Amino acid sequence: MVDWHKISLEKIAKQLETPDGYIRVSGPLEHDNIVNGEGLRAVLWTQGCPNACPGCQNPETWDYEAGELRKIEDIKEELASFRGQSGLTFCGGEPFVQAKACKEIADYVRKELGWNVWSFSGFTKEIIEEYGREPLEFLKSLDVIIDGPFILGQRDLSLRFRGSKNQRLIRMKVGTGKTLSIE
Ligand code: SF4
C-alpha cells in the first residue's frame, strides 16, 4: 500500500537550496490580483515543486533549477512600490520548499507594509506541522493557508480560491499557526 504520509514528509524535506538572501521565482511579481485571495493582492510565484499533481496548471514551476534567482531585498523594494494592496499571496511552485526566504518576505510585508499574508501549499497543514523547522515557522507567519495537493478527480471550479474539493482555506492566528476556521 502507498504510504502517502511518508511520501509527503519526504517531499517537504526536499527543500530547495538557494543562497542566503535569495529566492527562486517562476515569474514577475504581480499586483492588483483579485483571484488568489481576498482584496487587492500582490502575488509572488515561487519556483520549484516536488508534488507533481496530475492536472497541475503550472508544471513549468516544478524544476528546482528553472525560473530566476532574485535578491530578497529587491523583492521587498518592488513590493513596497505597489500601492493600495491589502496583502501578499505566495503561489507556486511550492512555497514551502523555500520556507526560509518566504518567511522573511512575509514578515517584511506584515511589519513594514501592514499587509496580511496568504500562501498556497500542496502539503497539508498537518504535514507542515509534523515536519517542523523552517516550513513550520513560515506557516506561523501566515493569516491563511490554502492547503493540500490539487486532485484532478476532485476538481470543482465553484470553490473560492481553490481548485479541488480536498483543498482547505484555513485561517490561522498569526504567530502560532493555530487554526481559527476552515472552509
Ligand atoms: S502543488 Fe501546485 S504547483 Fe505543485 S504540482 Fe501540485 S498543483 Fe502544481
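Note that the structure is a prediction, hence the values are computed from the model and not measured.

Undergrad: Which parts of the structure should I look at to understand the overall build of the protein?
TA: When helices and strands are tallied, the protein shows five helices and nine strands. The order of α-helices and β-strands along the protein, N terminus first, is α-β-β-β-β-α-β-α-β-α-α-β-β-β. Relative to the globule expectation of 16 Å for 183 residues, the C-alpha radius of gyration of the protein, 15 Å, shows essentially globular dimensions. The long-range fraction of contacts in the protein, counting pairs at least 24 apart against all pairs at least 6 apart in sequence, stands at 69%.

Undergrad: Looking at this structure, how should I read the site of the ligand?
TA: Around the ligand, the structure places 13 residues, and the nearest of them are Cys49, Asn51, Cys53, Cys56 and Gly122. Tallied by class, residues from the shell around the ligand come to six nonpolar, six polar and one charged.

Undergrad: It is not clear to me how the pairing of strand S5 (residues 87-91) should be interpreted in this structure. Could you clarify?
TA: Every regular strand shows the same layout, with side chains that alternate between the two sheet faces. Within S5, five of the five residues are buried, leaving the element largely enclosed by the surrounding structure. Covered by surrounding structure in S5 are Gly87, Thr89 and Cys91 together with Leu88 and Phe90, the residues of both alternating faces. In terms of strand pairing, strand S3 (residues 41-45) meets S5 through five bridges, oriented parallel. Looking across to S5, one finds that Ala42 is bridged to Leu88.

Undergrad: Sorry, what's going on with the packing of helix H2 (residues 72-80) against helix H3 (residues 99-113) here?
TA: Taken N-terminus to C-terminus, the directions of H2 and H3 make an angle of 35 degrees; their axes are 11 Å apart at the nearest point. For H2 against H3, the interelement crossing comes out right-handed. Of H3, the residues touching H2 (which contributes Ile72, Ile75, Lys76, Leu79 and Ala80) are Ala101, Glu104, Ile105, Tyr108, Val109 and Leu113. The residue inventory of the contact of H2 with H3, partitioned by class, reads nine nonpolar, no polar and two charged.

Undergrad: Got a minute to help me understand helix H5 (residues 133-140) in this structure?
TA: Because the α-helix completes a turn every 3.6 residues, residues three or four places apart line up on one side. For H5, every residue scored as buried is listed here: Pro135, Phe138 and Leu139. Down the axis of H5, the buried side of the element spans an arc of 105 degrees, and every buried residue falls inside it. Packed against the buried residues of H5 are helix H1 (4-13), H3, helix H4 (125-131) and strand S7 (144-147).

Undergrad: Whenever I open this one, the sheet that holds strand S9 (residues 178-182) confuses me. Can you help?
TA: Within a beta sheet, neighbouring strands are joined by backbone hydrogen bonds and run either parallel or antiparallel to one another. Reading across the sheet, the seven strands line up as S2-S3-S5-S6-S7-S8-S9 and stay open at both edges, with mixed pairing between neighbours. Since the sheet does not close on itself, it has two edges, and those belong to strand S2 (30-33) and S9, each with one partner. When strand polarity is set aside, the average angle formed by the axes of neighbouring strands in this sheet is 25 degrees. Across the face of the sheet, H3 comes into contact with S3, S5 and strand S6 (116-120) while running at roughly 155 degrees to S6.

Undergrad: Is there a simple way to think about unusual backbone geometry in this case?
TA: Excluding glycine, a negative phi dihedral is what most residues carry, and trans is how most peptide bonds are arranged. For the bond running from Gly92 to Gly93, omega is -5 degrees, close enough to zero to count as cis. Examined against the element boundaries, Gly93 turns out to sit in the loop between S5 and H3. Its identity is not glycine, yet Ala52 carries a phi of approximately 50 degrees, on the positive side. In this structure, Ala52 sits in the loop between S3 and strand S4 (68-71). Its 11 C-beta neighbours within 10 Å are what place Ala52 among the exposed residues. Even without being a glycine, Phe161 presents a positive backbone phi close to 65 degrees. Relative to the assigned elements, Phe161 resides in the loop between S7 and strand S8 (168-173).

Undergrad: Could you clarify how one ought to interpret the pairing of S9 in this entry?
TA: Summarising burial for S9: zero of the five residues are buried, a small minority. Judged from the four bridges that link them, S8 and S9 form a sheet pairing that is antiparallel. When the bridges of S9 are listed, Ile170 appears paired with Ile182. What sits between S8 and S9 in their antiparallel hairpin is a turn of four residues, with Gly175 showing a positive phi close to 100 degrees.

Scoring rules and cut-offs
- Residues numbered from 1 in each chain as written.
- Predicted model: local features only at pLDDT ≥ 70, side-chain atom pairs only at ≥ 80, totals over all residues.
- Helix = DSSP H or I, 4+ residues; strand = E, 2+ residues; numbered from the N terminus.
- Rg over C-alpha atoms; globule rule 2.2 N^0.38 Å.
- Contact = placed C-beta atoms within 7 Å.
- Near = placed C-beta within 6 Å.
- Nonpolar A, V, L, I, M, F, W, Y, C, P; charged D, E, K, R; others polar.
- Buried ≥ 20, exposed ≤ 12 C-beta atoms within 10 Å, placed from the backbone.
- Pairing = 2+ DSSP bridges.
- Axes fitted to C-alpha atoms, helices over the stretch in contact; angles between N-to-C directions.
- Left-handed = near helix turned anticlockwise from the far one by under 90°.
- Arc of directions from axis to C-beta.

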